[in-house]
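Structural features, examined
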Amino acid sequence: MSANNPFARLPEVVAFTVTSTTVRDGAAWPPAQWSSGAPGGKDVSPQLSWSGAPAGTKSYALTVYDPDAPTGSGFWHWAVADIPATTTSLPEGAGDDEGSGLPVGAFQLPNDARLPRYIGAAPPAGHGRHRYFVTVHALDVADIGIASDATPALLGFTIAGHILGRATLVATAEAQQ
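Residues numbered from 1 in each chain as written. Predicted model: local features only at pLDDT ≥ 70, side-chain atom pairs only at ≥ 80, totals over all residues. Heavy atoms only, no water.

1. Observations regarding the overall build of the protein
Just so we agree on the cut-off: Put simply, DSSP marks the helices as runs of H or I at least four residues long and the strands as runs of E at least two long, and each gets a number from the N terminus on. For a compact globule the rule gives 2.2 Å times the number of residues to the power 0.38, and the radius of gyration it is set against comes from C-alpha atoms. Only protein chains enter the area calculation, which uses a 1.4 Å probe; residues under 20% of their type maximum are buried, those over 50% are exposed, and those in between are partly exposed. Only heavy atoms enter the contact rule, under which two residues are in contact if any of them lie within 4.5 Å. To be clear on the numbers: accessible area is Shrake-Rupley with a 1.4 Å probe, and residue cover counts the displayed protein chains and nothing else.
For the protein, the helix and strand inventory stands at 1 helix and 9 strands. Beginning at the N terminus, the succession of helices and strands in the protein can be written as β-β-β-β-β-β-β-β-α-β. What you see for the protein is a C-alpha radius of gyration of 15 Å, in line with the 16 Å of a compact globule of 177 residues. For the C-alpha atoms alone, the extent of the protein along its principal axes is close to 50 × 35 × 30 Å. When each of the 177 residues of the protein is scored for burial, the buried share is 49%. Considering only contacts in the protein between residues 6 or more positions apart, those separated by 24 or more positions represent 74%. Carbon and sulfur atoms form 54% of the exposed surface of the protein, whose accessible area is close to 8100 Å².

Shown next as structure tokens:
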């Protein structure tokens, strides 16, 4: 595991709060939030709730990112754009193939497996503990203006100049050898 903080080189912004009934900040993902390729894994996105976003928030973007993946560029597990500012929670399972739990107007981008949905944790056996940064980004625009087939990295680049605040919780996963 590296000490890489994906937000260390970005401008500081107002912090607000994100919580989950699925996983506690700093705790391990439950089995359902692991990849369906792992024992017990089901690729079920976590329940999330957020509060305290800064004034002027017009939408949110959501990302789940593993900076510890052995790729040289980490691994994006989930990215959602154009979540309306009136939305302050998502139910567990919102990130299924249809995005059935997402509010009207929000859309999922293809993750690094090129699937427009949530894909669960799948750290290689013996690679150590991986961190999953679950982040809600408060934005100053209602529509970020990217295509639904854009990459999560492009979403991150595009929202960088529009972030008013950020709320992050970190889940973990480790596969034994």
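What follows picks up the thread again.
2. Structural notes on the pairing of strand β9 (residues 163–173)
Across a regular strand the side chains alternate sides, sitting on one face of the sheet and then on the other. Convention followed: When DSSP finds two or more bridges between two strands, those strands count as paired.
The element β9 is extensively covered by neighbouring structure, given that 9 of its 11 residues are classed as buried. Strand direction decides the pairing type here: strand β1 (residues 14–15) and β9, joined by 2 bridges, are parallel. Bridging across to β9, Ala15 finds its partner in Arg166. In terms of strand pairing, strand β8 (residues 130–139) meets β9 through 10 bridges, oriented antiparallel. The residue bridging His130 from the neighbouring strand is Ala173, located in β9.

3. A word on helix α1 (residues 152–159)
Put simply, the rule reads: The reported arc concerns the directions from the helix axis to the C-beta atoms and nothing else.
Those residues of α1 not exposed but buried are Pro152, Leu155 and Ile159. Summarising the axial view, the buried residues of α1 lie within an arc of 50°, below the 170-degree limit, and thus occupy one face. Tucked inside the fold, the buried residues of α1 contact β4 (59–66), β5 (75–84), β8 and β9.

4. Comments concerning the nonpolar core
Worth spelling out the cut-off: As used here, the term nonpolar core means buried Ala, Val, Leu, Ile, Met, Phe, Trp, Tyr and Cys residues forming a set that is joined through side-chain atoms within 4.5 Å.
Among the nonpolar cores identified, the biggest contains 30 residues, and Trp29, Trp50, Leu62, Trp78 and Val136 are the most heavily contacted of them. Elements represented by at least two residues in this core include exactly β3 (48–51), β4, β5, β8 and β9. Core analysis: the next-biggest nonpolar cluster, separate from the first, contains 12 residues, Ala79, Phe107, Leu139 and Ile146 among them.

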